[in-house]
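The residues making up each chain are set out below.
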Amino acid sequence: MALRHRHACNVAITLTPTGEWQTAQSVTAEARELLDCLTPLASRPAWVVAQLGQSMDGRIATESGHSHYINGHESLVHLHRLRALVDAVVVGAGTASADNPQLTVRHVSGTHPARVVLDPRGRIPSDLALLNSDSAPTLHIVGLA
Ligand SMILES: NC(=O)c1ccc[n+]([C@@H]2O[C@H](COP(=O)([O-])OP(=O)(O)OC[C@H]3O[C@@H](n4cnc5c(N)ncnc54)[C@H](OP(=O)(O)O)[C@@H]3O)[C@@H](O)[C@H]2O)c1
């Protein structure tokens, strides 16, 4: 089965199940490069995407463990756009405890993903925002004692 996508300039692009793209119209070298890069994403049934915010000196959090202000506005919008595209967002117990995240979509329009917390030792505080709001389903996964 081939998927057909049409963008704002009315160029019809056919995607094959193997990730190749075809069009009867001419496209620029820049557009060709972009299509080569992005169309494989549309041809797979499921993806796992890893996202991290990183400071200029390569850190994902401050020395005290906080990461809230590592991201600038544009990367926060990008993060929320990714959340809007996925079924579930997964964080560890360390992130849930340090950041108390909501893991919802707020900077763009879109549906909140399910929230999954991997917590093998059952150590996250019970008053965390994601355990006490019903804005999205939350799966709190705890290891066996
Ligand atoms: N900049 C960013 O984009 C960003 C995003 C998210 C988080 N952060 C920052 O990252 C930090 C949290 O990092 P973290 O290292 O604690 O990561 P984390 O991803 O929050 O937690 C790691 C999880 O993996 C579990 N784990 C580790 N080794 C394991 C093993 N061998 N077997 C089974 N489970 C295992 C840990 O269990 P235990 O409960 O036993 O430890 C914990 O639940 C915070 O400072 C947060 O602010 C930054």
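Residues numbered from 1 in each chain as written. Predicted model: local features only at pLDDT ≥ 70, side-chain atom pairs only at ≥ 80, totals over all residues. Heavy atoms only, no water.

## What about the overall build of the protein chain?
Along its length, the protein chain carries 3 helices and 6 strands. From first element to last, N terminus to C terminus, the protein chain shows the α and β order β-β-β-α-α-β-α-β-β. Buried residues in the protein chain amount to 25% of all 145 residues. As displayed, the protein chain has an accessible area near 10,300 Å², and 57% of this comes from carbon and sulfur atoms. Separation of charge centres in the protein chain, based on 11 positive and 12 negative side chains, amounts to 5 Å. (Helix = DSSP H or I, 4+ residues; strand = E, 2+ residues; numbered from the N terminus. Buried < 20%, exposed > 50% of the residue type's maximum accessible area, 1.4 Å probe, protein only. Areas by Shrake-Rupley, 256 points an atom, 1.4 Å probe, with all protein chains shown as cover. Lys, Arg positive; Asp, Glu negative; His and termini not counted. Charge placed at Lys NZ, Arg CZ, Asp CG, Glu CD.)

## A word on the sheet that holds strand β5 (residues 114–119)
Within the open sheet, the 3 strands sit side by side as β4-β5-β6. Their pairing is parallel. Since the sheet does not close on itself, it has two edges, and those belong to β4 (88–92) and β6 (138–142), each with one partner. Between one strand axis and the next, the sheet turns by 20° as a mean value, whatever way the strands run. Pairing of β5 with β6 involves 5 bridges; the strand directions are parallel. In the strand pairing of β6, Asp119 is matched with Val142. (Pairing = 2+ DSSP bridges. Axes fitted to C-alpha atoms, helices over the stretch in contact; angles between N-to-C directions.)

## A short note on the domain arrangement of the protein chain
Accessible area lost during the coming together of the parts is what is often quoted as the interface size. Per the domain assignment, the segments making up the protein chain are domain 1 (3–42) and domain 2 (73–142). Centre-to-centre, using C-alpha coordinates, domain 1 lies 33 Å away from domain 2. (Domains from an automatic or database assignment.)

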